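Next come the chains, spelled out residue by residue.
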Amino acid sequence: MHIVRTRTELRELVTRWHAGGDTIGVVPTMGSLHDGHLALVRALDGKATRRIVSVFVNPIQFNNAEDFSLYPRGLEADAALLEQTGRVDVLYAPGEGEMYPPGFSTRVLVQGLDKVLCGADRPGHFDGVATVVTKLLLQTGADIAAFGEKDYQQLGIIHRLVADLNLPVTILPVPTVRDADGLALSSRNRRLSPAARQQAAILPATLKTCLAAMKAGQTVAASLEQCRTTLRQAGFDVHYLELRHEDTLLPATQAGPGTRLFVAASLDGIRLIDNMPVT
Ligand code: AMP
């Protein structure tokens, strides 16, 4: 596995690969890798002959400087983990100046989907995500790129931008990987204290309870309110807990096919997100 730091070196490699008939698969990440990221790498099996994992903590998607500075980082451990998979050709880890040279002033805005849920909660976040993902897809010459359903809203935004900008890439959605207690794996989980980490399992458990209540015939509004209360009583600061349509992300008043629960809640100031479909 090569570690590549510059766009020029990456461009030489991908040009050579494409000329040789390779299919390039890409997994964009912010590092601090865990098994959720590795599931994205494995999802490319049989779909790409070359695989690139990018690690870049993207400053322009953080609307909070402290959150950016505290975001976990560890390139050596990331490289070791990727090496162990035996599946990755390149770890692309550009520096900030490589990604955003002086004078950088362009943004990719995916209007509509970017204003609800996490977009309302973190203004500008999805502009930063859409911009960096567009750049990474162009830089890597990706034929296929894997993204996790854990960030379901992000996935919808990426589908939209790829369609709208006619980017020649297939987007591969990958189901959420969870710990044994149900908590969705996330780099941010590393910032939880042992006690908070234990408490965090209440988040997915509450989503399941909420889905079960709706299935049992309780109204959507009452089920959501009950589960918001459960989370608050367990010490969470609930940013949102909502039932939305998967395609438009508009509020849903009936739990049925194509609807999904979305939650963002903080524990000890660490922001956690999750989502589960109505089945
Ligand atoms: P991040 O490094 O958190 O920006 O995530 C990079 C990619 O990994 C995104 O497409 C995420 O949706 C995906 N991802 C993160 N956590 C998980 C998980 N637990 N299961 C599946 N995919 C994940």
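About the thresholds
Residues numbered from 1 in each chain as written. Predicted model: local features only at pLDDT ≥ 70, side-chain atom pairs only at ≥ 80, totals over all residues. Heavy atoms only, no water. Helix = DSSP H or I, 4+ residues; strand = E, 2+ residues; numbered from the N terminus. Rg over C-alpha atoms; globule rule 2.2 N^0.38 Å. Buried < 20%, exposed > 50% of the residue type's maximum accessible area, 1.4 Å probe, protein only. Contact = heavy atoms within 4.5 Å. Lys, Arg positive; Asp, Glu negative; His and termini not counted. Charge placed at Lys NZ, Arg CZ, Asp CG, Glu CD. Near = heavy atom within 4 Å. Polar contact = N/O pair within 3.5 Å; in protein donor to acceptor, adjacent residues only side chain to side chain. Areas by Shrake-Rupley, 256 points an atom, 1.4 Å probe, with all protein chains shown as cover. Nonpolar A, V, L, I, M, F, W, Y, C, P; charged D, E, K, R; others polar. Salt bridge = Lys/Arg side-chain N within 4 Å of Asp/Glu carboxyl O. Phe/Tyr/Trp six-rings, centres within 6.5 Å; stacked < 30°, edge-to-face > 60°. Pairing = 2+ DSSP bridges. Axes fitted to C-alpha atoms, helices over the stretch in contact; angles between N-to-C directions.

Could you clarify how one ought to interpret the overall build of the protein in this entry?
Scanning the protein from terminus to terminus reveals 11 helices and nine strands. Against the compact-globule benchmark of 19 Å for 279 residues, the protein has a radius of gyration of 19 Å, which places it among compact chains. With the C-alpha coordinates of the protein rotated into their principal frame, the extents come out at 60 × 40 × 40 Å. Counting across all 279 residues of the protein, residues that qualify as buried make up 54%. For the protein, long-range pairs separated by at least 24 residues make up 71% of all intrachain contacts whose partners lie at least 6 apart in sequence. With 28 positive and 29 negative side-chain charges, the protein shows a spacing of 2 Å between the two charge centroids.

Any chance you could explain the site of the ligand here in plain terms?
Around the ligand sit 17 residues, and of these Met30, His37, Asp151, Val177 and Leu185 come closest. Valine 177 places a polar main-chain atom, nitrogen or oxygen, 2.9 Å from a nitrogen atom of the ligand. Leucine 185 is positioned such that a nitrogen or oxygen atom in its backbone is 2.8 Å from a nitrogen atom of the ligand. Protein contacts shield 93% of the accessible area of the ligand, which totals 480 Å² for the unbound molecule. Put simply, the parts of the chain that give the shell around the ligand at least two residues each are β2 (24-29), α2 (35-43) and β5 (144-148). Examining the composition of the shell around the ligand, we find that three residues originate from one element, α2, more than from any other. Across the shell around the ligand, the residue classes tally to eight nonpolar, seven polar and two charged.

What should I look at first to understand the pattern of salt bridges in this one?
Side-chain pairing between opposite charges can occur once the charged atoms of the two side chains come close. Enumeration according to the criterion identifies 19 salt bridges in this entry. A salt bridge links arginine 50 to aspartate 22; the nearest nitrogen and oxygen atoms lie 3.0 Å apart. Residue arginine 50 is located in strand β3 (residues 50-55), and its partner aspartate 22 is located in the loop between α1 (7-19) and β2; the two are separated by 28 residues in the primary sequence. Given a relative accessible area of 25%, arginine 50 falls into the partly exposed group. Residue classification places aspartate 22 among the buried positions, given a relative accessible area of 19%. A salt bridge links arginine 260 to glutamate 246, with the nearest nitrogen and oxygen atoms 2.8 Å apart.

Sorry, what's going on with the environment of lysine 208 here?
With respect to the helices, strands and loops of the structure, lysine 208 is situated in helix α10 (residues 202-215). Separated by 68 residues in sequence, lysine 208 and methionine 276 have C-alpha atoms that sit 7.9 Å apart.

Could you clarify how one ought to interpret the packing of aromatic side chains in this entry?
The description of an aromatic ring pair rests on the distance of the ring centres and on the angle between the ring planes. For the structure on display, the rule yields five aromatic pairs. On the basis of an interplanar angle of 50° and a centroid distance of 6.0 Å, the ring pair of phenylalanine 56 and tyrosine 100 is categorised as tilted. A residue pair is termed long-range when its members are at least 10 positions apart, and phenylalanine 56 in the loop between β3 and α3 (65-70) and tyrosine 100 in the loop between α5 (96-99) and α6 (118-121) qualify at 44 residues. Residue tyrosine 100 is classed as buried on the basis of its relative accessible area of 14%. Between tyrosine 152 and phenylalanine 262, the aromatic rings sit 5.8 Å apart at their centres with planes inclined by 65°, giving edge-to-face as the arrangement. With a gap of 110 residues between them, tyrosine 152 in helix α8 (residues 152-164) and phenylalanine 262 in strand β8 (residues 259-267) connect regions that are remote in the sequence.

It is not clear to me how the sheet that holds β5 should be interpreted in this structure. Could you clarify?
Working definition: the strands of a sheet are paired by backbone hydrogen bonds and lie parallel or antiparallel to each other. Read from one edge of the open sheet, six strands run β1-β4-β3-β2-β5-β6, paired in parallel fashion. Taken across any chain shown, the strands that pair with only one partner, and hence form the sheet edges, are β1 (2-4) and β6 (170-174). The mean inter-strand angle of the sheet, taken between neighbouring strand axes irrespective of direction, is 25°. Relative to β5, β2 is paired through two bridges, and the arrangement is parallel. In the strand pairing of β5, glycine 25 is matched with isoleucine 144. Contacts between α1 and the sheet are confined to β1, β2, β3 and β4 (90-92), with β4 contributing the most and set at about 145° to the helix. Strands in contact with α8 are β5 and β6; relative to β6, the strand with the most contacts, it is inclined by about 170°.

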